[in-house]
Amino acid sequence: MSVLLTGGAGFIGSHTAVVLIESGYDVVVLDNFSNSKPSVIGRIEQITGKPCPCEEADLSDGPLVDAVFRRHDFDAVVHFAGFKAVGESVEKPREYYENNLIGTLRLIEAMTRRGVKRMIFSSSATVYRADNPVPYYEDFPLGATNPYGWTKVMIERILCDVCAADPGWGAALLRYFNPIGAHPSGRIGEDPNGIPNNLLPYVSKVAGGELPLLHIFGDDYDTPDGTGVRDYIHVMDLARGHLLALGYMRDRRGAFPFNLGTGKGYSVREVVAAFEKVCGRALPVRVDPRRPGDLPSVYANADRARKELGFTARLGLDEMCADAWRWQKRREEADGATAE
Ligand code: NAD
Ligand code: UDP
């Protein structure tokens, strides 16, 4: 089975590429490297011992994407490509709608022209309206508070409508919670440009001495220790979720939303404590005001993915932190080893 991974050089895409290749899939990565490096492809090949062909292309370039589809005979597409920074999307809404929506429409056009009608889409827990209670169930009302979130809501809508209009189409809408961790080899992991926005990459850099201290955004929430609670999921578990979703969608038509989380929330202080255990030292932190737009507590009800996909997260917070820390330590070494 041949699968195109748009955005396959990115954080989640590269781990999914490894899992799919190791499970016998023929994988082709399409990426414009706007938020990743070409050297990732070599590392995927090192880990798997198999080739990982890569097409450098921007999804919004219709003719180029068509040409990629003519060169290969895909059975399905896993669609990761998109911009993903919430704060940046508020400052640059046009760029976010253009990249995420136009890119997806061009992709759907190219797929339909070649009769490829299976998509696994990277959605997000951010599609749940902020006034929903936790845990989040898949049939809760959708809505967003920023342009990034709206692109996910809109793409889900587009895929539902495409599936309704063409009974040959099938799409899994995978709503990721908070993916963290890295491949256990320490060869691939999250590599954000500049100062990270998300908790784990920030904590890793504090532990590695690249940043002086962690700012905890508020400790006066209505949560057990007052800090924000999130459903962190190991990126290798998440990658396995895509493998299961591809199998699930093989004989199904229509659009199927799934939460991919563990169903358990951890606070910022619990994450810091777990990281301190693996890096062996106390991390400097300072409590700052709440970050605008943050919710106190977000976690999944994970029943549907368990019952329908057979998906249960296997790796806990300790493994997530241990693998993130190994990646932090090996990142520069890995960069040097595969530099073009
Ligand atoms: P990432 O930025 O590491 O990966 C995205 C990849 O897409 C990058 O390699 C980037 O270069 C590429 N890309 C972006 N626009 C492109 C375009 N127009 N054409 C071709 N390539 C393009 O992000 P990630 O963390 O791996 O996330 C993957 C997907 O999952 C994204 O759609 C993101 O919105 C979604 N998601 C991520 C998280 C998270 O916390 N990481 C949570 C929920 C959902
Ligand atoms: N957070 C924090 N300091 C940081 C980054 C994040 O205290 O430097 C908190 C944030 O307020 C939230 C949790 O960590 O409660 C997870 O934030 P992240 O941005 O990783 O994920 P999201 O809020 O998008 O779910």
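Okay, so let's go over this structure. Keep in mind it's a predicted model, so treat the numbers as computed, not measured.

**Thoughts on the overall build of the chain**
Okay, so step 1: For the chain, the helix and strand inventory stands at 11 helices and 14 strands.
Okay, so step 2: Over its C-alpha trace the chain gives a radius of gyration of 19 Å, about what one expects of a compact globule, namely 20 Å for 340 residues.
Okay, so step 3: The proportion of buried residues among the 340 residues of the chain is 54%.
Okay, so step 4: In the chain, once contacts between residues fewer than 6 apart in sequence are set aside, the share between residues at least 24 apart is 79%.
Okay, so step 5: Of the roughly 14,400 Å² that the chain leaves accessible, carbon and sulfur atoms contribute 51%.
Okay, so step 6: Of the side chains in the chain, 39 bear a positive and 45 a negative charge, and the two mean positions are spaced by 2 Å.

**What to know about the site of ligand 1**
Okay, so step 1: Around ligand 1, the surrounding shell holds 27 residues, and the nearest of these are Asp-31, Asn-35, Ser-36, Asn-99 and Tyr-148.
Okay, so step 2: Contact distances for ligand 1 include 2.7 Å between an oxygen atom and a side-chain N or O atom of Lys-84.
Okay, so step 3: A distance of 2.7 Å separates an oxygen atom of ligand 1 from a polar side-chain atom of Tyr-148.
Okay, so step 4: Here ligand 1 has 820 Å² of accessible area as a free molecule, and 95% of this is covered by the chains.
Okay, so step 5: The element contributing the most residues to the shell around ligand 1 is strand β5 (residues 118–124), with 3 residues.
Okay, so step 6: Split by residue class, the shell around ligand 1 holds 12 nonpolar, 11 polar and 4 charged.

**Here's the deal with the pairing of strand β8 (residues 214–217)**
Walk down a regular strand and you will see the side chains alternate between the two sheet faces.
Okay, so step 1: Residues Leu-214 and Ile-216 of β8 are buried on one face, while the alternating residues His-215 and Phe-217, pointing to the opposite face, are not.
Okay, so step 2: In this structure, β8 lies alongside strand β13 (residues 285–288), joined through 4 bridges in parallel fashion. Within β13, the residue paired with His-215 across the bridge is Arg-286.

**A word on the state of the cysteines**
Okay, so step 1: Counted by the stated rule, this structure contains 0 disulfides.
Okay, so step 2: With no disulfide of its own, Cys-163 lies 6.8 Å from the sulfur of Cys-160, the closest cysteine sulfur.
Okay, so step 3: Look at Cys-163 and you get buried, because its relative accessible area is 7%.
Okay, so step 4: The thiol sulfur of Cys-279 is not disulfide-bonded, and the nearest other cysteine sulfur, from Cys-321, lies at 9.2 Å.
Okay, so step 5: A residue is classified by how much of its surface remains accessible, and Cys-279, at 15% relative accessible area, is buried.

**Notes on the site of ligand 2**
Okay, so step 1: The local shell around ligand 2 holds 14 residues, among which Leu-199, His-215, Arg-230, Arg-291 and Asp-294 are the closest.
Okay, so step 2: In this structure, an oxygen atom belonging to ligand 2 sits 3.0 Å away from a side-chain N or O atom of Asn-178.
Okay, so step 3: Contact between ligand 2 and Phe-217: an oxygen atom at 2.9 Å from a main-chain N or O atom of the residue.
Okay, so step 4: Calculation on ligand 2 without its partners gives an accessible area of 520 Å², and the protein chains cover 88% of this total.
Okay, so step 5: Of all the elements, β8 adds the most residues to the shell around ligand 2, at 4 residues.

**As for the packing of helix α1 (residues 11–22) against helix α8 (residues 235–249)**
Okay, so step 1: Running from amino to carboxyl end, α1 crosses α8 at an angle of 60 degrees, the nearest separation of the two axes being 8 Å. Compared by their axis directions, α1 and α8 come out oblique. Relative to α8, α1 is oriented so that their crossing is right-handed. The residues of α8 that touch α1, namely those facing Phe-11, Ile-12, His-15, Thr-16, Val-19 and Leu-20, are Val-235, Met-236, Leu-238, Ala-239, Arg-240, His-242, Leu-243 and Leu-246.
Okay, so step 2: Residues that form the contact of α1 with α8 fall into these classes: 10 nonpolar, 3 polar and 1 charged.

**A closer look at the sheet that holds strand β9 (residues 229–230)**
Okay, so step 1: A sheet is described by the order of its strands in space; here 3 strands give the open sequence β12-β9-β14, paired in mixed fashion. One side of each edge strand has no neighbouring strand; the edge strands of this open sheet are β12 (266–267) and β14 (297–298).
Okay, so step 2: Pairing geometry for β9 and β12, over 2 bridges, is antiparallel. In the strand pairing of β12, Val-229 is matched with Ser-267.

**With respect to the environment of Arg-252**
Okay, so step 1: Following the sequence through the fold, Arg-252 ends up in the loop between α8 and β11 (254–260).
Okay, so step 2: The class of Arg-252 is partly exposed, set by a relative accessible area of 32%.
Okay, so step 3: Discounting residues that sit within four places of it in the chain, Arg-252 has contacts with Arg-118 and Gly-170.
Okay, so step 4: Here the side chain of Arg-252 touches Tyr-248 through a polar contact of 2.9 Å, landing on its backbone oxygen.

**What to know about the nonpolar core**
Okay, so step 1: Membership of the largest hydrophobic core comes to 38 residues, with the highest contact counts inside it found for Leu-5, Val-27, Ile-44, Ile-120, Leu-174, Leu-246 and Leu-260.
Okay, so step 2: Non-local contacts of Leu-5, meaning those with residues more than four positions away in its chain, are made with Gly-13, Thr-16, Ala-17, Leu-20, Val-27, Val-28, Val-29, Leu-30, Val-78 and Phe-80.

Parameters at a glance
Residues numbered from 1 in each chain as written. Chains lettered and ligands numbered in written order. Predicted model: local features only at pLDDT ≥ 70, side-chain atom pairs only at ≥ 80, totals over all residues. Heavy atoms only, no water. Helix = DSSP H or I, 4+ residues; strand = E, 2+ residues; numbered from the N terminus. Rg over C-alpha atoms; globule rule 2.2 N^0.38 Å. Buried < 20%, exposed > 50% of the residue type's maximum accessible area, 1.4 Å probe, protein only. Contact = heavy atoms within 4.5 Å. Areas by Shrake-Rupley, 256 points an atom, 1.4 Å probe, with all protein chains shown as cover. Lys, Arg positive; Asp, Glu negative; His and termini not counted. Charge placed at Lys NZ, Arg CZ, Asp CG, Glu CD. Near = heavy atom within 4 Å. Polar contact = N/O pair within 3.5 Å; in protein donor to acceptor, adjacent residues only side chain to side chain. Nonpolar A, V, L, I, M, F, W, Y, C, P; charged D, E, K, R; others polar. Pairing = 2+ DSSP bridges. Disulfide = S-S within 2.5 Å. Axes fitted to C-alpha atoms, helices over the stretch in contact; angles between N-to-C directions. Parallel < 35°, antiparallel > 145°, perpendicular 65-115°, else oblique. Left-handed = near helix turned anticlockwise from the far one by under 90°. Core = buried A, V, L, I, M, F, W, Y, C linked by side-chain atoms within 4.5 Å.

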